[in-house]
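A closer look at the structure
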Amino acid sequence: IPVTRFDIPAQIHTLHDQSFDLIIHNHVLEHLRCSDTYVVYHIHRALVRGGTHVFSVPIWPGRHYKSDFGETNPEVLKANFGQEDHVALYGSIGFELGLGACLGIDSHYDLEEKVPRHLLDENHIPDKFRKGLSGSSVFLCKKEDWAFSL
């Protein structure tokens, strides 16, 4: 499969409307020096009707969301965000007020409401990552889950 480098902050707006059935990313948003709402808006704009967006972000229990797109010192980034290449930290407190609000995800999120249990079992998604918010929660959103009109 040919792979092309894609600079998300600089190029996400170039995705064509309704051109993808499926978009998957794993632990990407916390690395981007731009608004996650901006990125997710363009992802959902690029999905076809009924298209699916599957993703995860590390969610820290008992913490609030914070970001600093301007900080470049690796030691400061590691102290603030847990890793020297992270510029955002997603916390379980208030998740439903930010990224979660855009996608209809709250602290009671249940992947089994969207995917049959036997398929999750067959694909080795552990039970502990199917419900609620954790550092390895797998989120599945449909284009229609986007909270704003596209």
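Just so we're clear, the structure is a prediction, and the values are computed from it rather than from any experiment.

Pairing is mixed in the open sheet, where three strands are placed in the order 1-2-6. Each having just a single partner strand, strand 1 (20–26) and strand 6 (139–142) make up the two edges of the open sheet. Strand after strand, the sheet turns through a mean of 15° between neighbouring axes, direction not considered. Both strand 1 and strand 2 (residues 47–56) contribute to a ladder of six bridges, which runs parallel. Residue pairing across strands places I24 opposite V54, the latter belonging to strand 2. In the packing of helix 2 (residues 36–46) onto the sheet, contacts are made with strand 1, strand 2 and strand 6, and the angle to strand 2 comes to roughly 140°.

Of note, H53 is situated in strand 2. Among the polar contacts listed, one links the side chain of H53 to the side chain of H25, at a separation of 2.7 Å. A polar contact of 2.9 Å, which involves the side chain of H53, links it to the side chain of H44. Sequence-distant contacts of H53, defined by excluding residues within four places in its chain, comprise I23, H25, V40, I43, H44, L47, F139, L140 and C141.

What follows concerns the nonpolar core. Proteins that are soluble and globular tend to have nonpolar side chains buried together. Counting residues in each nonpolar core, the largest one holds 31 residues, and the members touching the most others are F95, L103 and I105. Looking at this core, the element that brings in the most residues is helix 2, giving four residues. Setting aside its immediate chain neighbours within four residues, L103 contacts V40, H44, F55, C141, D145 and W146.

It is worth spelling out the sheet that holds strand 4 (residues 66–67) at this point. Spatial ordering of the open sheet is given by 3-5-4, a layout of three strands whose pairing is mixed. In the strand order of this sheet, the two ends are held by strand 3 (59–64) and strand 4, each with one partner. In this structure, strand 4 lies alongside strand 5 (residues 88–93), joined through two bridges in antiparallel fashion. Paired with S67 across the strands is A88, a residue of strand 5.

Before going further, it helps to examine the pairing of strand 5. Pairing between strand 3 and strand 5: three bridges, direction parallel. Residue pairing across strands places I59 opposite Y90, the latter belonging to strand 5.

Another aspect to go through is helix 2. Buried residues dominate helix 2, accounting for eight of its 11 residues. When we look at burial in helix 2, the residues that qualify are D36, V39, V40, H42, I43, H44, R45 and A46. Where helix 2 starts, the residue carrying a side-chain oxygen 3.2 Å from the main-chain nitrogen of T37 turns out to be S35.

A word on the confidence of the model for the chain. For the chain, per-residue confidence averages 93 on the pLDDT scale, and 99% of positions sit at 70 or higher. Taken element by element, the predicted model of the chain shows its lowest mean pLDDT in helix 4 (residues 99–103) (92) and its highest in helix 3 (residues 74–81) (97).

Turning next to the environment of L103. Within the secondary structure layout, L103 lies in helix 4. The buried category is assigned to L103, whose relative accessible area is 2%. The spatial distance from the C-alpha of L103 to the C-alpha of F139 is 9.5 Å, given a sequence separation of 36 residues.

What counts, and where the lines are drawn
- Residues numbered from 1 in each chain as written.
- Predicted model: local features only at pLDDT ≥ 70, side-chain atom pairs only at ≥ 80, totals over all residues.
- Heavy atoms only, no water.
- Pairing = 2+ DSSP bridges.
- Helix = DSSP H or I, 4+ residues; strand = E, 2+ residues; numbered from the N terminus.
- Axes fitted to C-alpha atoms, helices over the stretch in contact; angles between N-to-C directions.
- Contact = heavy atoms within 4.5 Å.
- Polar contact = N/O pair within 3.5 Å; in protein donor to acceptor, adjacent residues only side chain to side chain.
- Core = buried A, V, L, I, M, F, W, Y, C linked by side-chain atoms within 4.5 Å.
- Buried < 20%, exposed > 50% of the residue type's maximum accessible area, 1.4 Å probe, protein only.
- pLDDT = per-residue confidence, 0-100.

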